[in-house]
Amino acid sequence: MLGWFKKKKRVKEQEKETPEITLPDESAGNPSQSQLEPSGETQSDTPPSPQVSVTDEESASQFSTAPEMDAHKQRLDKEAEDIDTTGSTGETEETESSEKMESTPEETALPEEKTGFFSRLTSKLSKTRESIVYQMDALFLGKKKIDADLLDNFEELLITSDIGVSTSAELIDYARKKVKRNELDDPAALKRFIKEKMGAYIRNASKPAELIMPDKGPFVIMVVGVNGVGKTTTIGKIAHKLMNAGQKVLLVAGDTFRAAAVSQLKIWGERNGVEVVSKAEGADPSSVAFDAMTRAVDGNFDVVLVDTAGRLHTQSNLMEELKKIKRVIGKKLKGAPHEVLLVIDATTGQNGISQAKLFDAAVDITGIALTKLDGTAKGGIVFNISKDMNIPIRFIGIGEKIEDLRDFEPDEFIAALFGEPIANT
């Protein structure tokens, strides 16, 4: 999604290089001055911990039996690989990363950063992996050929994994045709085929994902969704990403209905150091959007993020209000909003598909942010949305930290889901 932002960042860096600021966890409240310093300076003096660098000889000397030694090694390996590990292990990794950032260009650090996120993504998708991949392996275990019973059981597995009835049926129909043509002859080949088809669904939906910066004025993103999916938090995290990409961001507190919604967005504005346009609670959200477009043009902002009140997709009167907000934005700024981003809670499973269809009918959804993927086994919704709706998934949320909202990369997602190494790293 942020391809054009990155292009624009390179142009801006020729004039002035902007240091990257690491923000604290949103649950920690407002950051202190020390927390806003570049991470390389704050971590470089931390001595590396000896707990991770335990050699085979040292491990063998501490334990009298081989099983105890193996268990200890496994625990150390897990601590070293787990991105979320706190304490001395995490400090060591941060220190080493900071030292590399000081001594090497940004380009050379990107593969390590990407690999670190991939490890984190693999860990956070564990529940969905258990629901789909591990169940698939258990079904195929001991089977030497593909028969009708295997395919029927496999279709049931896919449906219960929230991949959806129509998507599951299509996958199995493809598999049956290949079995008849003797192109699939064993369960291992079937698994590879299903993985390729799943990847094709999300890659095809992501093809129109490139966003184009308007020739004049700011890029406007209108964020919509039902109550409680995390719209305001998602907006704050997107703003953080855009600020790091060198963009001048304006936040718009269009949720004037929910108590404390305006205050919550203002806190995110303070954390990211961005301006927030707001009015008193209960004000007309369309008027807030109108004033925000005026401010965005006058202030020469690059990106505008418009928050809206959560509403059930079945409430027609509130959906009409959403249409009005979109019309007002378009009248004030031609072509806007350039992106209508629907935030969906992944834990809702197939209900998320219903939300997407009704919001799309009302305001023409152009992208989806899928939150809370780390806390659900219903991650199969990714494939169902991609196949049925053909709407690109822009972001996925895999945790509560500010960096846990990530750009959606289809190949990374498939590799992490199936627990396989990512290609081209």
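For the structure itself, consult the block above.
What counts and how
- Residues numbered from 1 in each chain as written.
- Predicted model: local features only at pLDDT ≥ 70, side-chain atom pairs only at ≥ 80, totals over all residues.
- Heavy atoms only, no water.
- Buried < 20%, exposed > 50% of the residue type's maximum accessible area, 1.4 Å probe, protein only.
- Helix = DSSP H or I, 4+ residues; strand = E, 2+ residues; numbered from the N terminus.
- Pairing = 2+ DSSP bridges.
- Right-handed = clockwise from strand over helix to strand, strands pointing away.
- Core = buried A, V, L, I, M, F, W, Y, C linked by side-chain atoms within 4.5 Å.
- Contact = heavy atoms within 4.5 Å.

Draft legend 1. Examining the pairing of strand 6 (residues 367-371) more closely. The buried fraction of strand 6 is high, at five of five residues. Neither face of strand 6 is left uncovered, since the one carrying Gly367, Ala369 and Thr371 and the one carrying Ile368 and Leu370 both have all their residues buried. Alignment of strand 5 (residues 339-345) against strand 6, held across five bridges, turns out to be parallel. Residue pairing in the sheet places Asp345 in a bridge with Thr371 of strand 6. A crossover connection joins strand 5 to the parallel strand 6 through helix 15 (residues 351-363); in handedness this β-α-β unit is right-handed.

Draft legend 2. Fine view of the nonpolar core. Residues Leu190 and Phe413 are the most contacted members of the largest nonpolar core, which totals 98 residues. Broken down by element, this core gets its largest block of residues, seven residues, from helix 10 (residues 187-206). Those residues in contact with Leu190 that sit more than four places away from it in its chain are Phe140, Ile146, Leu151, Phe154, Ala175 and Leu184.

Draft legend 3. Spatial organisation of the pairing of strand 1 (residues 219-224). Most of strand 1 sits out of view: six of its six residues are buried. Of the two faces of strand 1, the one carrying Phe219, Ile221 and Val223 and the one carrying Val220, Met222 and Val224 are both buried. Two elements, strand 1 and strand 4 (residues 303-308), share four bridges in a ladder whose sense is parallel. Residue pairing across strands places Phe219 opposite Val303, the latter belonging to strand 4.

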